[in-house]
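What the coordinates show
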Amino acid sequence: MRTVYFLSDFGVRDVYAGVVRAVLRRRAPGAAVVDLAHDLPPGDLRHAAFQLYAAVPYLEPGGVVLAVVDPGVGTARRALAVRGERLWYVLPDNGLLSLAARLEPPRRVWRLEPERWAEGAVSATFHGRDVFAPAAAHLAAGRPAAALGPEVDAGGLVRLGVDVVPGPEGEVLTFDRFGNAVTNLAPEALPETVWVSGRRLPVGRTFADVAPGEALAYRGSAGLLEIAVHRGSAREALGLAEGAAVRLEPRV
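Each value, and the rule that gives it
- Residues numbered from 1 in each chain as written.
- Predicted model: local features only at pLDDT ≥ 70, side-chain atom pairs only at ≥ 80, totals over all residues.
- Heavy atoms only, no water.
- Salt bridge = Lys/Arg side-chain N within 4 Å of Asp/Glu carboxyl O.
- Helix = DSSP H or I, 4+ residues; strand = E, 2+ residues; numbered from the N terminus.
- Buried < 20%, exposed > 50% of the residue type's maximum accessible area, 1.4 Å probe, protein only.
- 1 Å grid on protein atoms, 1.4 Å probe; cavity = no way out; pocket = protein on both sides within 12 Å on 5 of 7 lines; lining within 4 Å.
- Points joined across faces, edges and corners; volume = space filled by probe spheres on them.
- Pairing = 2+ DSSP bridges.
- Axes fitted to C-alpha atoms, helices over the stretch in contact; angles between N-to-C directions.
- Contact = heavy atoms within 4.5 Å.

So, on to the pattern of salt bridges. Taken as a whole, this structure holds 14 salt bridges when the rule is applied. Linking Arg-46 and Glu-242 is a salt bridge whose minimum nitrogen-to-oxygen distance equals 3.3 Å. With Arg-46 in helix α2 (residues 45-55) and Glu-242 in the loop between α5 (234-237) and β14 (245-249), this residue pair connects regions lying 196 residues apart in the sequence. Judged by its relative accessible area of 19%, Arg-46 falls in the buried class.

Shown next as structure tokens:
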């Protein structure tokens, strides 16, 4: 039995995440379920794609990633099962896999056709329960992906308009709950300084390398360059937004 790693924007104030877990338990008895996060910003694909990117290296090979951040639920967007180099993914085809695919490119892809295996009617607004959870349980139980639907071109997945780059030019990808700005820059060597929104920031190792209230750049835990304000929010203090330009100033 494979472990299911569950990521969503369902939150914890409603029953959505719990119902998905109940479907997993019923359809794949004995499968362990690890909750990666459920309080993601609703429908924010850039943020969700980063969270998936940050988690993937630490997940057990052979596991099934159930990722449901799906602002297009019920539309013509595809529902997919994807075989990567190490992991399975069950998710909407909306760019959610864009960044994680850099770590392990998709090898094979199947389009989910729930009319083949759904139990009863499929809700137009809760595919997490009626489409993605049953498919994830099917894979967690070691059953063949071909039973879920037809195989499709692995090169045809929807991509977000942002990618991880070495630099020197990049942008703010998203923000964490502390207000730290996560960029899409993954330089091999840290630069001497970083420019963002007209400000020149020092580069340090951790927050305490600057005084409280001061800003710095550093390599975050996911390997991407981040911008923070010691004991504050970079998003608020520096007035940053997603897409803000970031430039590395290399050491000379």
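Time to look at unusual backbone geometry. Residue Gly-167 is joined to Pro-168 through a cis peptide bond whose omega torsion reads 5°. Position of Pro-168 among the secondary structure elements: in the loop between β7 (151-152) and β8 (169-175). The backbone of Ser-197 shows a phi angle near 50°, a positive value even though the residue is not glycine. By the secondary structure assignment, Ser-197 is in the loop between β10 (193-196) and β11 (199-202). With a phi angle near 60°, Arg-231 is a residue other than glycine that sits in the positive phi range. Residue placement: Arg-231 occurs in the loop between β13 (225-229) and α5. Overall, the relative accessible area of 73% leaves Arg-231 in the exposed class.

Turning to the layout of surface pockets, a few remarks are in order. For the largest pocket, the calculated volume is near 260 Å³. Together, Asp-39, Leu-40, Pro-41, Asp-44, His-47, Gln-51, Thr-174, Phe-175, Asp-176, Arg-177, Arg-235 and Glu-242 line the largest pocket. Sorting the residues of the lining of the largest pocket by element identifies α2 and β8 as the ones contributing at least two each.

Once that is clear, we can look at empty space enclosed by the protein. On inspection of all chains with the given rule, the structure shows 1 cavity of 30 Å³ or more. If you add up the space inside the largest cavity, you get close to 60 Å³. The wall of the largest cavity is formed by Leu-80, Val-82, Leu-91, Pro-92, Asp-93, Asn-94, Gly-95, Leu-96, Leu-97, Leu-157 and Val-158.

If you trace the 7 strands from one edge of the open sheet to the other, you get β11-β10-β14-β8-β9-β13-β12, paired in antiparallel fashion. Among the strands making up the open sheet, the edge pair consists of β11 and β12 (215-219). Taking each pair of neighbouring strands and ignoring which way they run, the sheet shows an average axis angle of 35°. As paired strands, β8 and strand β9 (residues 181-183) are joined by 3 bridges and run antiparallel to one another. Paired with Phe-175 across the bridge in β9 is Ala-181. Running over the sheet, α2 touches β8 and β9 and is turned about 95° from β8.

Purely spatial values, then, with no claim about function.
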